[in-house]
Amino acid sequence: MTGFLLRRFVSLCLTLLAAALAVFLILEVIPGDPAQLMLGVEARPDTLEALRNQMGLGRPAAERFLLWIAGLLQGDLGVSYTYSVPVRDLVAARLPVTLPLALIALLLSVVIAIPAGVWAASRRGRAADTGIMALTQVGVAVPNFWFAMLMVYVFAVSLRLLPSGGFPGWDKGIGAALAALIMPAVALALPQASILARIMRSALVDTLHEDYIRTARAKGLTERAALWGHALRNAMIPVLTILGLQLSFLVTGTIIIENVFYLPGLGRLIFQAITQRDLIVVKSVVVLMVGFVIFVTFLVDAAYALADPRLRRRAA
């Protein structure tokens, strides 16, 4: 078990290093002057030179990369050229929006997907199964920003039940904050719930054909008892794996949704940094999100190894 987790940890650290190198190459080593890109073609030469010195562009690329990595390891994400404040402070100010949004979306995804998947699997081949799978196909195919705009039109513009955008802050009350997050969370959750429901159904259908389920039925267990007491528990292993990964997808998938609803989260911070050509913010926040995805992946691998002894034996 320890050896398996150690190998996975080393592998994921190398993945993070490769991702950081890719981000660095894309933003700083590709042809073109980053300072010119940030200030525009009308910038004065002395202003360009000052920014180049501030960004350390006079140093070799390898040295700049190592200095940046060393700063990241110490928790130093750099200083924003647009806001003139540490990127770490910008991230800390935006996390109270993005993280609750992702967690609410994850909860909604589970609440929608698990019952839908179980219902479809228990009625395989019937109208209910076909209808649920058709709806999940629509949920997978339709972009989440389209769901977002549709909900704004229905619930904010037409019915005036929820705010169309913005975030009042948690200091204004939990009710007001949740009202601002509910539509973005639903827009994020629907595609993920569709994927999760299909995986839940597939895993449960496969489990219902296992020998131990047939034995349970032969001993007199009802279909409902076999489903909820035996099949569901084992079918949840792949579902839990995907569920853990979905949290990272939801966090990194907030860029579009936060801009649709004008939420001051990490996704909107990245979008604003791109439009303002604040490369240090883009570079550091993207790597931070990649690190979060890799950390969640490691936790999922650890949980999977604990739940499935066969994985530990194969990795030994």
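The structure displayed is predicted, hence computed values, not measured ones.

A few points about the domain arrangement of the chain
Each assigned domain of the chain is listed with its residue range as follows: domain 1 (33-76) and domain 2 (88-313). Each of domain 1 and domain 2 was reduced to a C-alpha centroid, and the two centroids are 38 Å apart. Contacts between domain 1 and domain 2 engage 6 residues on the former and 7 residues on the latter. Broken down residue by residue, the surface that domain 1 buries against domain 2 is led by Leu-37, Met-38 and Trp-68, which jointly contribute 69%. Where domain 1 meets domain 2, there are 0 salt bridges. For the interface between domain 1 and domain 2, the tally reads 1 residue pair in polar contact (both at pLDDT 80 or more). At the level of secondary structure, the elements contributing two or more residues to the side of domain 1 that touches domain 2 comprise helix H2 (34-39) and helix H4 (61-73).

A closer look at the side chain of Ser-109
For Ser-109, the location among the structural elements is in helix H5 (residues 87-122). Note on Ser-109: relative accessible area 0%, which makes it buried. If sequence neighbours within four positions are ignored, Ser-109 has contacts with Ala-189, Gln-192, Ala-193, Leu-196 and Gln-246.

Procedures and definitions
Per chain, residue numbering runs from 1 following the sequence as it is written. Thresholds applied to this predicted model are a pLDDT of at least 70 for local features of residues and 80 or more for the giving and counting of side-chain atom pairs; totals over whole chains, interfaces and linings are not thresholded and use all residues. To obtain the side-chain values, all non-hydrogen atoms of the structure were used and water was disregarded. Each domain's extent was defined by an automatic or database domain assignment. Two residues form a contact once any of their heavy atoms are found within 4.5 Å. Buried area is calculated as the accessible area (1.4 Å probe) missing from two parts once they are joined, with the contributions of both summed. Whenever Lys or Arg places a side-chain nitrogen within 4 Å of a carboxyl oxygen from Asp or Glu, that contact is recorded as a salt bridge. Here a polar contact is taken to be a pair of N or O atoms separated by no more than 3.5 Å, where protein atoms must pair a possible hydrogen donor with a possible acceptor and residues adjacent in sequence count only if both atoms sit in side chains. Going along the chain from the N terminus, every DSSP run of H or I of four or more residues is numbered as a helix, and every run of E of two or more is numbered as a strand. Between buried and exposed lies partly exposed: a residue is buried under 20% and exposed over 50% of the maximum accessible area for its type, with that area taken using a 1.4 Å probe on protein chains only.

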